[in-house]
Amino acid sequence: MSKDKSAKIPTPQPVRGTQDMLGDFADRFAHVVETFERVRRLYGYKRVEVPVIEPTAVFARSLGETTDVVSKEMYSFEDRGGESITLRPEFTAGIARAYITNGWQQFAPLKVATHGPLFRYERPQKGRYRQFHQLDAEVLGSDSPLADAELLVFADQLLKDLGISEGVTLTLNTLGDADSREAWRAALVEHFMSHRGDLSEDSLARLDKNPLRILDSKDPRDRPVADSAPDIDAYLTGEAQDFFGAVTSGLDAAGVAWQRNARLVRGLDYYRHTAFEFVTDRLGAQGTVLGGGRYDGLIEALGGPPTPAVGWAAGIERLGMLLESTPQDFLEFVLVPVGGEAEMLCLELQATLRRKGLSCDMGFRGNLKKRMQRADASGAVAAIIIGEDEMREGEITVRHLASGQQARRNLAEIRDARAGATYTRKLLLEGIDGNNWSAE
RNA sequence: GCGAUCAUAGCUCAGUUGGUUAGAGCGCCGGUUUGUGGUACCGGAGGUCGCGGGUUCGAGCCCCGUUGAUCGCCCCA
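Residues numbered from 1 in each chain as written. Chains lettered and ligands numbered in written order. Predicted model: local features only at pLDDT ≥ 70, side-chain atom pairs only at ≥ 80, totals over all residues. Heavy atoms only, no water.

**What about the packing of helix H5 (residues 145-161) against helix H9 (residues 238-254)?**
It is at 8 Å that the axes of H5 and H9 come closest, and there the two elements cross at 40°. In terms of orientation, H5 lies oblique with respect to H9. Considering only the axes of H5 and H9, their crossing is right-handed. Contact residues: Pro145, Asp148, Ala149, Leu152 and Val153 in H5; Phe243, Ala246, Val247, Gly250, Leu251 and Ala254 in H9. (Axes fitted to C-alpha atoms, helices over the stretch in contact; angles between N-to-C directions. Helix = DSSP H or I, 4+ residues; strand = E, 2+ residues; numbered from the N terminus. Parallel < 35°, antiparallel > 145°, perpendicular 65-115°, else oblique. Left-handed = near helix turned anticlockwise from the far one by under 90°. Contact = heavy atoms within 4.5 Å.)

**Quick notes on the confidence of the model for chain A**
Predicted confidence across chain A gives a mean pLDDT of 89, with 95% of residues reaching 70 or more. pLDDT under 50 marks residues 1-7. Its contacts with residues more than four places away, or in other chains, come to 0 contacts. (pLDDT = per-residue confidence, 0-100.)

**Looking at unusual backbone geometry**
Omega for the bond connecting Ala108 with Pro109 falls within 30 degrees of zero, at -5°, which places this linkage in the cis form. Counting through the fold element by element, Pro109 comes out in the loop between helix H4 (92-101) and strand S5 (110-119). Despite not being glycine, His273 has its phi angle at roughly 55°, a positive value. With respect to the secondary-structure elements, His273 resides in strand S9 (residues 272-280).

**Re the sheet that holds strand S10 (residues 288-294)**
The 8 strands lie next to each other as S1-S5-S6-S11-S10-S9-S7-S8, forming an open sheet whose pairing is mixed. Two strands close off the open sheet at either side, each with one partner strand: strand S1 (46-47) and strand S8 (259-260). Pairing between S10 and strand S11 (residues 309-315): 4 bridges, direction antiparallel. Note on S11: the bridge partner recorded for Arg294 is Val310. Sitting on the sheet, helix H1 (residues 24-42) touches S1, S5, strand S6 (131-140) and S11, and the angle it makes with S5 is about 165°. Running over the sheet, H9 touches strand S7 (168-174), S8, S9 and S10 and is turned about 160° from S7. (Pairing = 2+ DSSP bridges.)

**Details of the environment of Gly127**
Summarising the element assignment, Gly127 is placed in the loop between S5 and S6. Take Gly127: its relative accessible area is 37%, and that puts it in the partly exposed class. (Buried < 20%, exposed > 50% of the residue type's maximum accessible area, 1.4 Å probe, protein only.)

**Section: the sheet that holds strand S14 (residues 382-386)**
Taken together, 5 strands build an open sheet; the order of strands is S13-S12-S14-S15-S16 and the sheet is mixed. What marks the edges here is a single partner per strand, and that holds for strand S13 (360-362) and strand S16 (406-410). Across the sheet, the mean angle separating the axes of adjacent strands is 30° when strand polarity is ignored. As defined by bridge partners, strand S12 (residues 333-337) adjoins S14 across 5 bridges and the pair is classed as parallel. For Val336, the partnering residue across the bridge sits in S14 and is Ile385. Packed onto the sheet, helix H13 (residues 368-378) meets S12, S13, S14 and strand S15 (395-400) and runs at close to 175° relative to S12.

Shown next as structure tokens:
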């Protein structure tokens, strides 16, 4: 409020690609997380917490040193001891590291779930921030296709309970076991090499680095070559086919709809067998709302024992954008004191109601009119008005804001410690809110 | 890392070919109503037009630089 503008202190800018949330966006975010936490308990997935920072090697090894993902797109820095630290760009590698270093093999098969912030050093664009947030579920130490199936049923129920399964499709593919995958990869490279003259410059570069990625190139010049490339099916071993069949049978048994997408790939070598994405047509280019797969090679790549594992992750912000309506926090009651003495009484009553389990609030300042305005704007069910008249008679005035009806109540009855939340609510609202309380 | 677009009040935005004192809606504060919200009317506060330089008699508008944002490319674990 200083008038001396020359002395103005410059406000630091937020870090690029980070965001602050309040109101609608924050409510959506919280609703997604709460729903996830509820569903994850239904499936017996234990809550796990892992660090936000890890030695860079955790992610560098899991992602493969060759990719420029590691060199260019991780949020890495040196700490004061000179060690290279990375802000986690995903959950899976950190959980895999924790599995090894804590000896969680003893709990295998281990079903865990977590959520929190992740970081990638990328140029921000629509739906892609440097700090973003994901839900994550993993099953470690199980080579059963039933684990894949259960994980997918979990994901399916999450999306349904969030009310965003409309227009969302589960697309599924298998990358086979290590042998299948190698044979297919060799066939793909051969196919692309023989058509290299028709490929875009980008895809020619991919041919060396990551040939599988050519399959979902956006460049129209690549489409004919990519579309005519061989599917993995011809290269699947019998075991790989059986595994995939067991996953899809499990989905059918649980009543989860799915679609085969033979073009769905994972670039990294440790992925095996199942790869999946829940995709929507409602978000433009970024159509994936939840994705994952089986990564039987990862824990070994981190120096652990050969351990099969499967998991998925989903962007919280993206799920929040898809929510039909905004679930809002609202207060049941707003206390409105008239005069300084009433303020203390309201403070006491407010604490009493809250201890009973009724949500309520009270403004810090303003006259009656102002406080009523705020009460109305807050979306509260009713205002509780206490002034000199009420105090003299040991009563309070309850005004139902939607109907405008109000009534006097006996303060002692409301305060009575024997009355719980439900009964107290009835005492306050009966007769003025239009509900038939006697039916309770 | 590359490209395009943009930056005016707390928010969303107008601002003519460069020309007086930069506007609107919403929000905020106050009043009409000293114990009653939503509607209405009246009034008020709030801006170095992102920042720095240049051209000009004169710049919110034109030029250069810079910072930031948005959208796309690369990448997508």
